[in-house]
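If you want the building blocks of each chain, they are given just below.
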Amino acid sequence: MNAPHPTALLREQLYRDIDPLNLTPLWEVLHALVPQQPTSPCVPGLWKYEEVRPFLMRAGEAITAEEAVRRVLILENPALRGQSAITQSLYAGLQLILPGEIAPSHRHTQSALRFIVEGSGAYTAVDGERTSMRPGDFIITPSWTWHDHGHEGPAMSDASTSGEPVVWLDGLDIPMIRFLDAGFAENNTSKSQTVSRAEGTSYARYGHNMAPVRHDAPFGGTSPIFSYPYERSREALERLERDAPVDAWDGVKLRYLNPLTGGSPMPTMATFMQKLPAGFDGKGWRQTDGAVYSVVEGQGRAVIEGGGRSWTFEFAPRDHFVVPSWHTTRLSSENGCVLFSFSDRPVHQALGIHHEERL
Ligand code: 1HN
């Protein structure tokens, strides 16, 4: 009679025998599948604009916007290289368009946001309406809408004129749509779409706490406002800093709205603008939504802790940084600063799994 197998041998033999049937035992992975708290593979990351900008400009020499379709340097999470992702669910990149260029018209199911980082003279066209891009503006491209970008300024080779490069932050839900295998895309037959409405029409209809008397939501769950101008957001933050209590964690922070629903401007991404007053030394917080920040004005510091490690980011205008899920963050600023950010919070909220802890 054979001696009884030790348990370990029994198990190993079982695993080998079930493997060809594409079977695997849950009990070996259960703890990792349902961790006691989020254990993001992402790490915090900082992209200093002064370091990134020269390479963006070199990209401008290496390829035209038209050839590239979108001339973008992707901000990849240092721990997710090769995945075109800044967090598990979000994509971010810096896009450059030069005077005289066109980024041709296409559409896709991925939703996009633009946050303008520098320059003027460029526009984005969405569903027949153009919107000028100015630094600090937050612009939306709803899912499955035709969109193209252009720069009407004179070509930069014409030294007598003042055409300047325009750079913006792209935020897309690419990793989410990839995860769901729900991506479709199509190129337009013309490079730039025909303009069918005057610039500012959508803002006049929806951007003044009013809405057309008879309307449907033109883009489903996405905001009908294409562009949220910086001057309006800036003014609100400034007034609140002066006249209302400042939050000990966030400073003065507002979220952008879809005026038709009161919810986030896009179904997959929330966007925020905040001002840290001069001398602000914020308390720590952590949230399940990973967030990408674009520094608009002023300087400050983010101290981020997670997975037993700590990062200190000193940031200045046009710098970008990412705070992964469930990493404790503290923001501070000696002279005050303004930060734009976006995250996947609406998805967490829709699923009832958004979690926040304020220390
Ligand atoms: C896209 O359409 C844009 O329209 C930017 O500017 C970045 C990244 C991946 C897929 C599509 C744009 C993109 C993108």
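Source: prediction; values computed, not measured.

> Even after reading the chapter, I still don't get the overall build of the protein chain, so can you show me in this structure?
The helix and strand tally for the protein chain stands at eight helices and 23 strands. Along the first, second and third principal axes, the C-alpha set of the protein chain runs to 95 × 50 × 50 Å. Considering the protein chain as a whole, with its 359 residues, one finds that 49% of them fall into the buried category. Approximately 18,200 Å² of the protein chain is accessible, and the part contributed by carbon and sulfur atoms is 53%. Taken together, the 32 basic and 42 acidic charged side chains of the protein chain have centroids lying 3 Å from each other.

> What's the story with the site of the ligand in this structure? I'm lost.
Residues in close proximity to the ligand include Arg70, Tyr91, Gln95, His106, His108, Arg114, His147, His149, Asp170, Leu172 and Ile174, which together make up its full environment. Between an oxygen atom of the ligand and a side-chain N or O atom of Arg70, the distance comes to 2.7 Å. Here His149 contributes a side-chain N or O atom positioned 2.6 Å from an oxygen atom of the ligand. Bound to the protein, the ligand loses 83% of the 330 Å² it would expose on its own. When contributions to the shell around the ligand are tallied by element, the ones reaching two or more residues are strand S3 (91-97), strand S4 (102-108), strand S9 (147-151) and strand S10 (166-172). Of the residues contributing to the shell around the ligand, the split by class is three nonpolar, five polar and three charged.

> Would you mind showing me how to read the side chain of His320 here?
Inspection of the secondary structure assignment puts His320 in strand S20 (residues 320-323). Only 3.0 Å separates the side chain of His320 from the backbone oxygen of Arg318, close enough to count as a polar contact. Setting aside chain neighbours within four positions, we find His320 in contact with Gly45, Leu46, Trp47, Leu75, Leu94, Val117, Leu169, Tyr293 and Ser294.

> What am I meant to see in the pattern of salt bridges here?
As a working rule, side chains carrying opposite charge can pair if their charged atoms are close by. Within the structure shown, the criterion is met by 21 salt bridges. Between Glu186 and Arg107 there is a salt bridge, with its nearest N and O atoms 2.8 Å apart. Of this pair, Glu186 sits in strand S11 (residues 185-187) while Arg107 sits in strand S4, and the two are 79 residues apart along the sequence. In this structure Glu186 comes out as partly exposed when scored by relative accessible area, which is 34%. Overall, the relative accessible area of 18% leaves Arg107 in the buried class. Among the ionic pairs, Arg197 bridges to Glu129, the shortest N-O distance being 3.0 Å. Taken together, the residues span a long stretch of sequence, with Arg197 in the loop between S11 and helix H6 (201-206) and Glu129 in strand S7 (residues 129-132) at a distance of 68 residues. According to the relative accessible area criterion, Arg197 is partly exposed, its value standing at 25%. Among the charged side chains, a network of salt bridges with common partners joins Asp247, Asp250, Glu356 and Arg358.

> Explanation requested: the nonpolar core in the structure shown.
Nonpolar side chains in soluble globular proteins generally cluster together in the buried interior. One finds Leu94, Phe138, Met273, Phe340 and Phe342 to be the most contacted residues of the largest nonpolar core, which totals 37 residues. In this structure Phe342 touches Leu90, Tyr91, Ala92, Leu113, Leu169, Gly171, Met269, Ala270, Thr271, Gly290, Ala291 and Val292, once residues within four positions along its chain are discounted. Trp249, Tyr293, Phe315 and Cys337 belong to the second largest nonpolar core, which has 18 residues in total.

> Help me understand the side chain of Gln287, please; the structure alone is not making it clear to me.
Along the polypeptide, Gln287 turns up in strand S16 (residues 285-287). By relative accessible area, which is 8% here, Gln287 ends up buried. One polar contact links Gln287 to His354, side chain to side chain, over a distance of 3.2 Å.

> Which parts of the structure should I look at to understand the environment of Glu231?
Mapped onto the secondary structure, Glu231 falls in helix H7 (residues 230-243). Linking Glu231 and Arg71, residues 160 residues apart in sequence, is a C-alpha distance of 27 Å.

> What's the story with a nonpolar patch on the surface in this structure? I'm lost.
Among the surface-exposed residues, Leu26, Val29, Leu30, Leu33 and Val34 lie close enough to one another that they form a single nonpolar patch of about 450 Å² accessible area. Looking at where Leu26 falls in the secondary structure, it is placed in the loop between helix H1 (7-18) and helix H2 (30-33).

> Before we go on, may I ask you to explain the sheet that holds strand S1 (residues 45-47) in this structure?
Each strand in a sheet pairs with another by means of backbone hydrogen bonds, the pair being arranged parallel or else antiparallel. Read from one edge of the open sheet, six strands run S1-S20-S17-S22-S14-S13, paired in antiparallel fashion. Sheet topology places S1 and strand S13 (252-255) at the edges, where each strand pairs with a single neighbour. When the angles between neighbouring strand axes are averaged without regard to direction, this sheet yields 20 degrees. Summarising the sheet, S1 and S20 pair through three bridges and their orientation is antiparallel. Paired with Leu46 across the two strands is Phe321, which belongs to S20. Along the sheet face, H7 touches S13, strand S14 (270-276), strand S17 (291-298) and strand S22 (337-343) and points at about 45 degrees away from the line of S14.

What counts, and at which threshold
- Residues numbered from 1 in each chain as written.
- Predicted model: local features only at pLDDT ≥ 70, side-chain atom pairs only at ≥ 80, totals over all residues.
- Heavy atoms only, no water.
- Helix = DSSP H or I, 4+ residues; strand = E, 2+ residues; numbered from the N terminus.
- Buried < 20%, exposed > 50% of the residue type's maximum accessible area, 1.4 Å probe, protein only.
- Areas by Shrake-Rupley, 256 points an atom, 1.4 Å probe, with all protein chains shown as cover.
- Lys, Arg positive; Asp, Glu negative; His and termini not counted.
- Charge placed at Lys NZ, Arg CZ, Asp CG, Glu CD.
- Near = heavy atom within 4 Å.
- Polar contact = N/O pair within 3.5 Å; in protein donor to acceptor, adjacent residues only side chain to side chain.
- Nonpolar A, V, L, I, M, F, W, Y, C, P; charged D, E, K, R; others polar.
- Contact = heavy atoms within 4.5 Å.
- Salt bridge = Lys/Arg side-chain N within 4 Å of Asp/Glu carboxyl O.
- Core = buried A, V, L, I, M, F, W, Y, C linked by side-chain atoms within 4.5 Å.
- Patch = residues over 30% accessible without salt bridge, like charges linked within 9 Å, V, L, I, M, F, W, Y side chains within 5 Å.
- Pairing = 2+ DSSP bridges.
- Axes fitted to C-alpha atoms, helices over the stretch in contact; angles between N-to-C directions.

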